[in-house]
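Analysis of the macromolecular model
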Protein chains: 2
Amino acid sequence: EAASRLWHITVRQDLPTYSLDDVQKHNAPEQGIWITFGLGVYDVTEFVPNHPGGDKIMMAAGSAIDSFWAIYQQHNTLEVLELLEGFRIGNLQKDAVAANVEEELGSPWAQEPKRNALLKPASERPFNAETPLALLGEHFYTPNELFYVRNHLPVPVIQAEQYELELDVEAGAAAGQPTRTLTLAELKALPKHSVTAAIMCGGNRRSEMTRVKPVKGLSWGPGAVGNAKWSGARLCDVLQAMGVQPNEDLHVLFEGADLDPTSHPYGASIPLSKALDPRGDVVLAYEMNEEPLNRDHGYPIRVIVPGSVGARNVKWLTRIIVADHESDSHWQQNDYKGFSPSTDWDTVDFKKAQAIQAMPVTSAICTPLPNERVKPDAEGFITVRGYAWSGGGRRIERVDLTSDGGKSWHVAQLEQETVPDGRHYGWSLWTARLPLSAEQRKQEGLEIWAKAVDSAYNVQPEAFEHIWNLRGVLANAYHKVPVKLS
Amino acid sequence: EAASRLWHITVRQDLPTYSLDDVQKHNAPEQGIWITFGLGVYDVTEFVPNHPGGDKIMMAAGSAIDSFWAIYQQHNTLEVLELLEGFRIGNLQKDAVAANVEEELGSPWAQEPKRNALLKPASERPFNAETPLALLGEHFYTPNELFYVRNHLPVPVIQAEQYELELDVEAGAAAGQPTRTLTLAELKALPKHSVTAAIMCGGNRRSEMTRVKPVKGLSWGPGAVGNAKWSGARLCDVLQAMGVQPNEDLHVLFEGADLDPTSHPYGASIPLSKALDPRGDVVLAYEMNEEPLNRDHGYPIRVIVPGSVGARNVKWLTRIIVADHESDSHWQQNDYKGFSPSTDWDTVDFKKAQAIQAMPVTSAICTPLPNERVKPDAEGFITVRGYAWSGGGRRIERVDLTSDGGKSWHVAQLEQETVPDGRHYGWSLWTARLPLSAEQRKQEGLEIWAKAVDSAYNVQPEAFEHIWNLRGVLANAYHKVPVKLS
């Protein structure tokens with residue numbers, strides 16, 4: 001494996017050498033699409049329609065992908081390098097290589113914040129890291145420094161004094177007014193609203209789904225979730241002040257200050273009906289658990305869209321647009337969508353699936369950890385703890401545990417806020433004491449299953465096989481944790 | 001079985017004889033609780049706390065249950081008769097029997113409406129009947145005369161001219177005002193609002209769950225559902241006119257004109273937040289598919305609570321109460337709730353579970369029917385049709401079909417309204433063409449599975465085993481239909 005990561009900086013003696021000029025001529029389907037990476041020249045004409053990142057690959061047509069991959073580090077896997085090497089047609093002339101490989105690549109990442117050493121990284125650039133499970137279940141409000149981080153791009157540097165939020169109404173009854181801006185001080189002068197909301201990555205628990213069949217995406221365990229009290233101005237107040245009226249054909253688009261290599265911001269959108277509904281509790285948050293947001297979580301302003309997938313909770317928020325269409329960003333259009341288990345990268349049509357908004361019901365066991373050795377207490381019970389959550393404001397109604405493959409189920413005690421159903425956006429922590437039979441106590445180990453039921457009595461699916469999808473999102477099957485017995 | 005149904009009208013020579021007077025003395029836990037049924041005298045002291053109908057059984061303490069059972073005909077099963085006979089302690093004196101058994105029992109049922117002969121009854125008294133599956137999938141709007149009927153009590157006789165709807169505000173900012181009434185003409189004079197909504201019985205598909213383990217309840221197939229366009233006055237308009245303000249601690253209680261033997265009406269309630277939300281689309285309906293409601297469906301007024309379980313859609317509506325508590329009716333408190341699979345009639349505590357409101361995602365195959373012989377078309381495909389629905393206004397996003405146990409899935413074509421998600425209350429009909437492999441075509445038969453995914457990407461659970469519950473509600477596992485191949 002180590003050797004294979006060097007393919008692109010190895011001269012292939014069996015292949016011809018091309019100049020940078022040769023490569024630049026191949027920048028369109030008619031001429032063929034060539035790219036370079038390190039020393040390698042690749043003909044990716046056939047691959048372009050299947051690129052998971054869509055059209056973005058064409059920005060590198062006829063040139064080097066090195067600087068793009070430095071930012072989109074999801075490419076830095078053995079599978080991707082192997083795929084690329086399959087398209088190799090030659091070696092790049094020496095003087096051309098110097099211009100590419102020796103380029104200074106580190107700069108977009110030079111100003112990343114310091115992170116808590118306990119966070120478990122799924123990728124370093126962009127920084128993505130989850131909370132260790134054993135810590136996750138210990139706090140109803142996840143400590144800010146342990147809250148999972150999901151960044152798509154480098155963390156921007158924003159000075160509070162310079163910060164401005166831009167507001168545009170492009171559609172609906174209030175369209176046509178001039179752009180407005182709000183400074184941080186102006187946002188803080190609006191009525192302050194707090195909401196307890198869990199934020200969960202669409203790919204949380206992807207690593208379990210991957211066991212069925214590989215998927216594209218960061219290998220998250222069950223720790224890409226956290227629960228916090230968010231405070232700020234209500235989006236409905238801001239929109240109402242601009243005269244925005246209810247209109248179910250409209251959307252609210254968000255843009256962040258985090259920019260991709262072509263200077264396009266991270267973006268996402270939600271339906272206007274969610275944004276305008278006071279019970280939707282959408283907040284332009286400047287506080288997380290009563291402290292100012294830290295840089296990884298969107299300083300100075302992050303939009304909190306309670307009950308919706310993490311990707312809609314845009315960080316470093318710089319612009320809000322009321323429009324007659326969803327965000328056209330990659331993350332709204334070509335990512336964070338669910339598909340049938342039989343849809344593969346040859347057949348997928350991202351236009352056919354709805355962008356994930358409200359998330360389905362899920363749960364996870366935080367302790368014991370997988371393969372941990374546990375000792376039943378004096379009465380023969382083992383204690384199991386975890387979290388459960390459902391999107392769309394649906395309260396968790398019940399969490400059931402079994403240690404015998406579902407022959408007997410035990411109902412957990414829930415710790416949750418007393419908030420009305422429909423706007424119950426926080427998670428529930430739970431504890432269950434599972435009795436072990438005499439027969440079970442003779443075993444070397446057993447498997448504990450957790451399943452949650454939400455207030456619409458939706459329940460988790462039993463297994464990943466029939467919910468598998470090519471992006472590995474929505475991984476909400478029963479959480480099954482094997483433990484060893486003392 | 002036929003003989004066992006005669007137990008209660010058979011003299012048990014091994015047991016003593018009691019007078020009506022003897023029985024009447026046993027009407028409280030201290031003296032023991034006796035009841036009579038036909039010729040039998042039963043000591044049910046131990047059973048009373050476990051009675052599925054709760055306290056209602058105490059109305060018969062020290063007397064005859066015959067007239068109650070004539071209405072609550074769910075007792076008329078072999079299991080219940082057998083259970084009762086287990087409590088037998090004696091025979092009733094002959095003159096006492098005459099007063100009970102020869103009583104005229106038919107009267108509450110004398111005025112039932114005529115029904116379409118195609119409806120498949122699950123019980124005759126009260127009348128409960130489902131739509132034949134093959135017809136169900138043929139109409140996006142279920143024809144009124146084929147729409148499933150779920151009555152809990154005899155159908156009341158209501159004259160439009162005499163009809164009055166009573167409105168009381170017992171809690172909240174608008175409490176204390178005098179009772180108001182609305183005639184049918186006054187309701188029709190309010191702005192008319194239409195909503196397409198599927199109504200589904202909480203026990204739809206119970207017969208499949210029963211195969212895991214018996215449950216209490218009518219043995220519904222997948223036809224206890226229908227989809228219609230309902231028109232009437234919006235409840236939010238009526239409540240707003242009375243000055244009712246948003247308050248998430250309040251509920252709206254509904255009472256019907258259908259009365260139980262103690263003259264208590266059928267009742268249910270919903271949260272005030274659902275009732276007041278214009279997007280909740282709660283309608284005081286006088287039309288069903290552009291015709292006046294028929295008697296079985298609530299003539300002259302039925303409240304339609306889109307997205308919620310059928311039981312909240314109270315028929316023959318006579319009273320609306322804004323209150324600080326849920327309805328205290330049997331059907332709100334001690335029925336239509338979900339429990340863990342390990343909860344049985346000895347351990348159940350109905351107070352611990354939430355009344356079903358929004359229903360979970362489900363689907364069913366309407367054609368082919370179970371064990372039907374199907375012939376692949378010239379290209380080797382078989383065509384499968386059915387319905388899918390989710391509660392809470394969640395649109396159906398996708399329906400997946402498999403004929404090989406989930407090794408390959410095929411996405412169905414959906415027929416659905418273009419209504420925004422969140423208020424997508426109608427069902428979706430779907431059609432899929434499933435390709436059969438050469439190997440499959442050699443088989444005598446195969447099993448088709450359907451699973452639906454809703455807009456919150458909630459998915460049906462695979463099987464009934466782990467969602468089994470003692471009342472047999474929320475039976476939303478994959479629909480699995482075996483077919484024979486020609």
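Under an unreviewed UniProt entry, the name given to chain A is sulfite oxidase, and the source organism is Drosophila busckii. Per its UniProt entry, chain A bears the Sequence similarities (unreviewed entry) comment "Belongs to the cytochrome b5 family." You can read under Subcellular location (unreviewed entry) in the UniProt record for chain A the words "Mitochondrion intermembrane space".

**Thoughts on the overall build of chain A**
Counting its secondary structure elements, chain A contains eleven helices and 27 strands. Taking 486 residues into account, the globule formula puts the C-alpha radius of gyration at 23 Å, and chain A, at 24 Å, falls close to it. Referenced to the eigenvectors of the C-alpha coordinate spread, the extents of chain A come out at roughly 75 × 65 × 40 Å. Across the 486 residues of chain A, 58% fall into the buried class. Taking all contacts inside chain A whose residues are at least 6 apart in sequence as the whole, residues at least 24 apart take part in 73%. Counting only carbon and sulfur atoms, one obtains 50% of the accessible surface of chain A, whose full area is about 19,700 Å². A distance of 7 Å separates the average location of the 46 positive side-chain charges in chain A from that of its 62 negative side-chain charges.

**Things to note about the side chain of B:Arg150**
Residue and element names in this part refer to chain B. Turning to its location among the elements, Arg150 is positioned in strand E8 (residues 149–150). There is no salt bridge for the buried Arg150, and the closest opposite charge comes from Asp335, which lies 5.3 Å off by N-O distance. At 3.2 Å, the side chain of Arg150 forms a polar contact with the side chain of Asn128. In terms of polar contacts, Arg150 uses its side chain to reach the side chain of Tyr336, at 3.4 Å.

**As for the sheet that holds strand E4 (residues 40–43) of chain B**
Residues and elements named next belong to chain B. Strand order in the open sheet made by the five strands is E1-E5-E4-E3-E2, with mixed pairing throughout. Of all the strands in the sheet, just strand E1 (17–18) and strand E2 (27–28) have a single pairing partner and so form its edges. Across three bridges, E4 lies against strand E5 (residues 88–92) in antiparallel orientation. Bridged to Val41 within E5 is Gly90.

**A word on the packing of aromatic side chains**
The description of an aromatic ring pair uses the distance of the two centres, along with the angle that the planes make with each other. Applying the stated rule across the entire model yields 26 aromatic pairs over all chains. Relative to B:Phe350, the ring of B:Phe339 has its centre 5.2 Å away and its plane inclined at 85°; by these criteria the two rings are edge-to-face. Within this pair, whereas B:Phe339 is found in the loop between helix H10 (330–333) and strand E19 (362–367), its partner B:Phe350 is found in the loop between H10 and E19, the two being separated by eleven residues in sequence. Take B:Phe339 and B:Phe350: they sit in the same class, and that class is buried. An aromatic cluster of three or more residues is present, and its members are A:Phe147, A:Tyr148, A:Trp220 and A:Trp230. The aromatic ring of A:Phe381 is capped on one face by A:Arg433, whose charged end is 4.1 Å from the ring centroid. One residue, B:Lys213, lies across the ring of B:Trp468, its end atom 4.2 Å from the ring centre.

**Describing the UniProt feature "domain: Cytochrome b5 heme-binding" (unreviewed entry) in chain A**
Residues annotated by UniProt as "domain: Cytochrome b5 heme-binding" (unreviewed entry) correspond here to residues 15–93 of chain A. Measuring from the first to the last C-alpha atom of residues 15–93 of chain A gives 12 Å, for a span that is 24% helix and 24% strand.

**With respect to the interface of chain B and chain A**
Listed by partner, the interface residues are 46 residues for chain B and 46 residues for chain A. With both chains or domains summed, chain B and chain A bury close to 3,500 Å², and 44% of this area falls on carbon and sulfur atoms. Our enumeration of links across chain B and chain A arrives at four salt bridges. A salt bridge links B:Arg279 to A:Glu248; its shortest N-O distance comes to 2.8 Å. For the pair chain B and chain A, the number of links is 25 residue pairs in polar contact (both at pLDDT 80 or more). The set of elements that each furnish at least two residues to the side of chain B that touches chain A consists of strand E22 (396–402) and strand E26 (445–454) of chain B. Looking at the side of chain B that touches chain A, its residues break down into 20 nonpolar, twelve polar and 14 charged.

**Describing the environment of A:Asn247**
Residue and element names in this part refer to chain A. Within the fold, Asn247 resides in the loop between helix H8 (235–241) and strand E13 (251–259). Spatially, the C-alpha atoms of Asn247 and Leu272 are 6.9 Å apart, while their sequence positions differ by 25 residues. Sequence-distant contacts of Asn247, defined by excluding residues within four places in its chain, comprise Gly172 and Leu272. Of the polar contacts made by the side chain of Asn247, one reaches the backbone nitrogen of Asp249; its length is 2.9 Å.

**Notes on the domain arrangement of chain A**
Interface size is commonly expressed as the accessible surface area that is lost when the partners come together. Residue and element names in this part refer to chain A. Considered domain by domain, chain A is made up of domain 1 (4–92), domain 2 (120–334) and domain 3 (361–485). Between domain 1 and domain 2, the C-alpha centre-to-centre distance is 34 Å. Each partner contributes to the interface: domain 1 provides eight residues, whereas domain 2 provides ten residues. Here domain 1 and domain 2 share an interface that buries about 870 Å² over both sides, 70% of which is from carbon and sulfur atoms.

Rules of the game
- Residues numbered from 1 in each chain as written.
- Chains lettered and ligands numbered in written order.
- Predicted model: local features only at pLDDT ≥ 70, side-chain atom pairs only at ≥ 80, totals over all residues.
- Heavy atoms only, no water.
- UniProt positions renumbered as here; feature names shortened; annotations may be inferred.
- Helix = DSSP H or I, 4+ residues; strand = E, 2+ residues; numbered from the N terminus.
- Rg over C-alpha atoms; globule rule 2.2 N^0.38 Å.
- Buried < 20%, exposed > 50% of the residue type's maximum accessible area, 1.4 Å probe, protein only.
- Contact = heavy atoms within 4.5 Å.
- Areas by Shrake-Rupley, 256 points an atom, 1.4 Å probe, with all protein chains shown as cover.
- Lys, Arg positive; Asp, Glu negative; His and termini not counted.
- Charge placed at Lys NZ, Arg CZ, Asp CG, Glu CD.
- Salt bridge = Lys/Arg side-chain N within 4 Å of Asp/Glu carboxyl O.
- Polar contact = N/O pair within 3.5 Å; in protein donor to acceptor, adjacent residues only side chain to side chain.
- Pairing = 2+ DSSP bridges.
- Phe/Tyr/Trp six-rings, centres within 6.5 Å; stacked < 30°, edge-to-face > 60°.
- Lys NZ or Arg CZ within 6 Å of the ring centre and 35° of its normal.
- Buried area = accessible area lost by both parts, 1.4 Å probe.
- Nonpolar A, V, L, I, M, F, W, Y, C, P; charged D, E, K, R; others polar.
- Domains from an automatic or database assignment.

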